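Results of the structural survey
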Amino acid sequence: MITGKRVLVAGAGVTGPSVVRALVAEGAHVTVTDGSADRLAKLAATGVELVAGLTEPPAGTDLVVTAPGWKPTSPLLVAAAEAGIEVIGDVELAWRLCQRLDDPPAWLVVTGTNGKTTTVGMLESILKAAGVHAIACGNIGLPVLEAMESGPEVLAVELSSFQLHWAPSVRPAAGALLNIAEDHLDWHGTMEAYAQAKAGVLTGAVAIGGVDDPYVAKLLVNSPSPRKVGVTLDEPLDDQLGILDGKLVDRAFGADDLVEARDVTPNGAPGLTDALVAAAVARAYGVPAQAVADGLRAFRPAAHRAAVVAELGGITYVNDSKATNPHAVAASIRAYDRVVWIAGGQLKGVSVDELVAEAAPRLAGAVLIGQDRDVIAAALARHAPDVPVRLVTAGDDGAMTSAVDLAGAMARPGDVVLLAPAGASLDMFTDYGHRGRAFADAVLARLGLPT
């Protein structure tokens, strides 16, 4: 398939090294391009050709493998398409290489606007409880190609809309779509294009959808999958998983009670939906009910997801830096009665008006940072004019210190100071984890606690 082909790798970041290793192992002639000389330098030892800032493929290029974040409108990818050169992502490459193996790993794939990282973590925990050699990979942080190198039985794959766009052939053993809300419209152009990219996960042997979301329910009905399974927070129908008498129950792959809802972490509606979807995907793979219960009880969410940093004087400081879109923030704010909201960043072309209108009764104040702080401020002026608002104009870690100080001064006993940005972090931070750590450090410094 690839031996002897001339392959251009677009992007030397997170996925680049594993793509290069896979292509070199297959005998391809590899060139790598990236806008960053520093990222390219990290690949110098591979012996492949490194060229900074290409805007068109070199002559003779047979295939382009792009990093997931590169838009189809990027000049290099437009030039490749115009020249008739196929463009795929690292996930598509991984899928094609898997199909050539005598005993390929099963692909269990999860996507959604929110909750996919938690769900994949739960899924991995369940699979391990069942004694399955499984690795969580993809958008969760470990590239799929790198995960394949250790020879797992199962790949528990989190895929973003970008990754699905560049992976048109992926047909998972089970694929799940949690929810759909506006996000990444700056990349996809329209909500329809974004949703259709997400719907790519519903094309395998078993399609699983969060049917409490009307958009997902429609996509599930229209899925070409031969087996369709719904997940609901209500009592489940046939071919659904849901909640009955305080328990997660399966009415799709058996008639089993799985686990007490109170044993699921994180709890609340989003966490329970994530658990039900993880359970459904695992059950589709044949995992017994007891392993589902054991895996969900053992699971603990990763950092920066509704994590309590500290509590002092009746004020609780919560880090939800992973809430990078309005849909996630709405769920985060609903968990508390009164919130001083720290928000801002890159909104990715998404409106926050509906979020602000819903959240307004719970807001004791708002402190806004980052590139699109004025957009959020304008929405607050329209829908929550009585909520005090402070804007922080600094653009580094010092901005978070100022934001925490302002929010702490606005809060009263019983309030929650909540970092739930509603936007991406790259305008000020290296990633959402850096943003969350900056918040936690600022909180601990303000309260005089050790970091």
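Here is a short report on the structure shown in this document. Given the structure is predicted, the values throughout are model-derived calculations rather than measurements. Each chain has its residues counted from 1, running along the sequence as written. Selection of residues for local features in this predicted model requires a pLDDT of at least 70, selection of side-chain atom pairs for listing and counting requires 80 or more, and totals for whole chains, interfaces and linings are taken over all residues. Derived side-chain values reflect all non-hydrogen atoms in the structure, with water molecules and hydrogen atoms excluded from consideration.

A surface patch of negative charge is lined by Asp 212, Asp 234, Glu 235 and Asp 245. Counting from the N terminus, the helices are the DSSP runs of H or I reaching at least four residues and the strands are the DSSP runs of E reaching at least two. Along the chain, Asp 212 falls in the loop between strand 10 (206-210) and helix 10 (214-221). Surface patches are drawn from residues lacking salt bridges whose relative accessible area is over 30%; two like charges belong together within 9 Å, two nonpolar side chains (Val, Leu, Ile, Met, Phe, Trp, Tyr) within 5 Å. Residue burial considers only the protein chains on display, and all accessible areas are found by Shrake-Rupley using a 1.4 Å probe. We count a salt bridge whenever a side-chain nitrogen from Lys or Arg sits within 4 Å of a carboxyl oxygen from Asp or Glu. Charged-residue counts in this description rest on Lys and Arg as positive and Asp and Glu as negative, His and the chain ends being excluded. For charged residues, the charge sits on one atom: NZ in Lys, CZ in Arg, CG in Asp, CD in Glu.

Let us look at the sheet that holds strand 8 (residues 154-158). When DSSP finds two or more bridges between two strands, those strands count as paired. Overall, mixed pairing links the nine strands, which are arranged 7-8-6-9-10-11-12-13-14 in an open sheet. Across the chains shown, the open sheet's two edge strands, defined by having one partner strand only, are strand 7 (134-138) and strand 14 (256-260). Across the sheet, the mean angle separating the axes of adjacent strands is 20 degrees when strand polarity is ignored. Any two residues whose heavy atoms approach within 4.5 Å are treated as being in contact. Lines fitted to C-alpha atoms define the axes, with helix axes restricted to the stretch in contact, and inter-axis angles between N-to-C directions lie between 0 and 180 degrees. The sheet contacts of helix 5 (residues 116-129) involve strand 6 (106-111), strand 7 and strand 8, and relative to strand 8 the element is tilted by about 165 degrees. Along the sheet, helix 10 makes contact with strand 9 (174-177), strand 10 and strand 11 (227-231), crossing strand 10 at roughly 160 degrees.

As a further point, take unusual backbone geometry. In this structure, Pro 266 follows Thr 265 across a cis peptide bond, with omega equal to 0 degrees. Mapped onto the secondary structure, Pro 266 falls in the loop between strand 14 and helix 11 (268-285). Backbone geometry places Asp 239, a non-glycine residue, at a positive phi of 65 degrees. As for its placement among the helices and strands, Asp 239 is situated in the loop between strand 11 and strand 12 (240-244). Even without being a glycine, Ala 306 presents a positive backbone phi close to 55 degrees. Positionally, Ala 306 belongs in the loop between helix 12 (289-298) and strand 15 (307-312).

Counted under the stated rule, the structure contains 18 salt bridges. Glu 92 is the salt-bridge partner of Arg 96, the closest N and O atoms lying 2.8 Å from each other. One end of the pair, Arg 96, and the other, Glu 92, are both in helix 4 (residues 90-98), four residues apart, so they sit about a helical turn from each other. Its relative accessible area of 0% is what places Glu 92 among the buried residues. Bridged by salt links that share partners, the residues Arg 21, Glu 146 and Glu 149 form one connected network. Three exposure classes are used, based on accessible area relative to the maximum for each residue type with a 1.4 Å probe and protein chains only: buried under 20%, partly exposed in between, and exposed over 50%.

To continue, consider the nonpolar core. Leu 23, Val 32, Leu 93, Trp 107 and Val 144 are the most contacted members of the largest nonpolar core, which has 47 residues in total. Those residues in contact with Val 32 that lie beyond four places of it in its chain are Val 9, Gly 11, Ala 12, Val 20, Leu 40, Leu 43, Val 48, Glu 49, Leu 50 and Val 51. What is meant by a nonpolar core is a set of buried Ala, Val, Leu, Ile, Met, Phe, Trp, Tyr and Cys residues, joined one to another through side-chain atoms within 4.5 Å. Residues Val 132, Val 229, Ile 243 and Ala 293 belong to the second largest nonpolar core, which totals 44 residues.

In this description, an aromatic ring pair is defined by two values, namely the gap between the centres and the angle between the planes. The rule is short: rings of Phe, Tyr and Trp, with Trp giving its six-membered ring, pair when the centres are within 6.5 Å, and they are stacked under 30 degrees, edge-to-face over 60, tilted in between. Under the criterion given, the structure shown has three aromatic pairs. Considering the side-chain rings of Phe 162 and Trp 187, the 4.6 Å spacing of their centres and the 25 degrees angle between planes classify their relative orientation as stacked. Placement of Phe 162 in helix 7 (residues 161-165) and of Trp 187 in helix 8 (residues 185-188) is noted, with a sequence separation of 25 residues between them. This pair shows no difference in class: Phe 162 is buried, exactly as Trp 187 is. Between Trp 166 and Trp 187, the aromatic rings sit 6.5 Å apart at their centres with planes inclined by 85 degrees, giving edge-to-face as the arrangement. Here Trp 166 is found in the loop between helix 7 and strand 9, whereas its partner Trp 187 is found in helix 8, with 21 residues between them in sequence. As far as the burial class goes, Trp 166 and Trp 187 line up, both buried. Here, over-ring charges are defined by two tests on the NZ atom of lysine or the CZ atom of arginine: distance to the ring centre within 6 Å, and angle to the ring normal within 35 degrees. Stacked on the ring of Tyr 432, the Lys or Arg Lys 322 has its end atom at 5.5 Å from the ring centre.

With respect to the helices and strands, Thr 15 occurs in the loop between strand 1 (6-10) and helix 1 (16-25). Relative accessible area serves as the criterion here: at 10%, Thr 15 is assigned to the buried category. Other than its neighbours up to four places away in sequence, Thr 15 contacts Ala 67, Pro 68, Asp 90 and Pro 143.

The next thing to look at is the environment of Arg 300. With respect to the helices, strands and loops of the structure, Arg 300 is situated in the loop between helix 12 and strand 15. Sequence separation between Arg 300 and Met 1 is 299 residues, and the spatial gap between their C-alpha atoms is 41 Å. For this analysis, a polar contact is any N or O atom pair within 3.5 Å, provided that within protein one partner can donate a hydrogen and the other can accept it, and provided that sequence-adjacent residues contribute only side-chain to side-chain pairs. For Arg 300, the side chain forms a polar contact with the main-chain oxygen of Arg 297, separated by 3.1 Å.

A few words on the sheet that holds strand 17 (residues 339-344). Spatial strand order, 15-16-20-17-18-19: six strands in an open sheet with mixed pairing. Taken across any chain shown, the strands that pair with only one partner, and hence form the sheet edges, are strand 15 and strand 19 (389-391). Geometrically, the sheet is characterised by an average inter-axis angle of 15 degrees between neighbouring strands, direction not taken into account. Bridging between strand 17 and strand 20 (residues 416-419) involves four bridges; their strand directions are parallel. The residue of strand 20 that forms the bridge with Val 340 is Val 417. Running at roughly 155 degrees to strand 18 (residues 363-369), helix 15 (residues 373-383) makes contact with strand 17, strand 18 and strand 19 of the sheet. The strands touched by helix 17 (residues 432-447) are strand 15, strand 16 (315-319), strand 17 and strand 20; relative to strand 15, the strand with the most contacts, the crossing angle is about 10 degrees.

With that settled, the discussion passes to the pairing of strand 17. Of all six residues in strand 17, six are buried; the element is thus mostly enclosed. Burial along strand 17 is two-sided: the face carrying Val 339, Trp 341 and Ala 343 and the face carrying Val 340, Ile 342 and Gly 344 are both buried. Bridge count for strand 17 against strand 18 is six bridges, and the pairing is parallel. Among the inter-strand pairings, Trp 341 is bridged to a residue of strand 18, identified as Ala 366. For the crossover from strand 17 across helix 14 (residues 353-359) to strand 18, the handedness is right-handed. By convention a crossover is right-handed if, when the strands point away from the viewer, the path from the first strand over the helix to the second runs clockwise.

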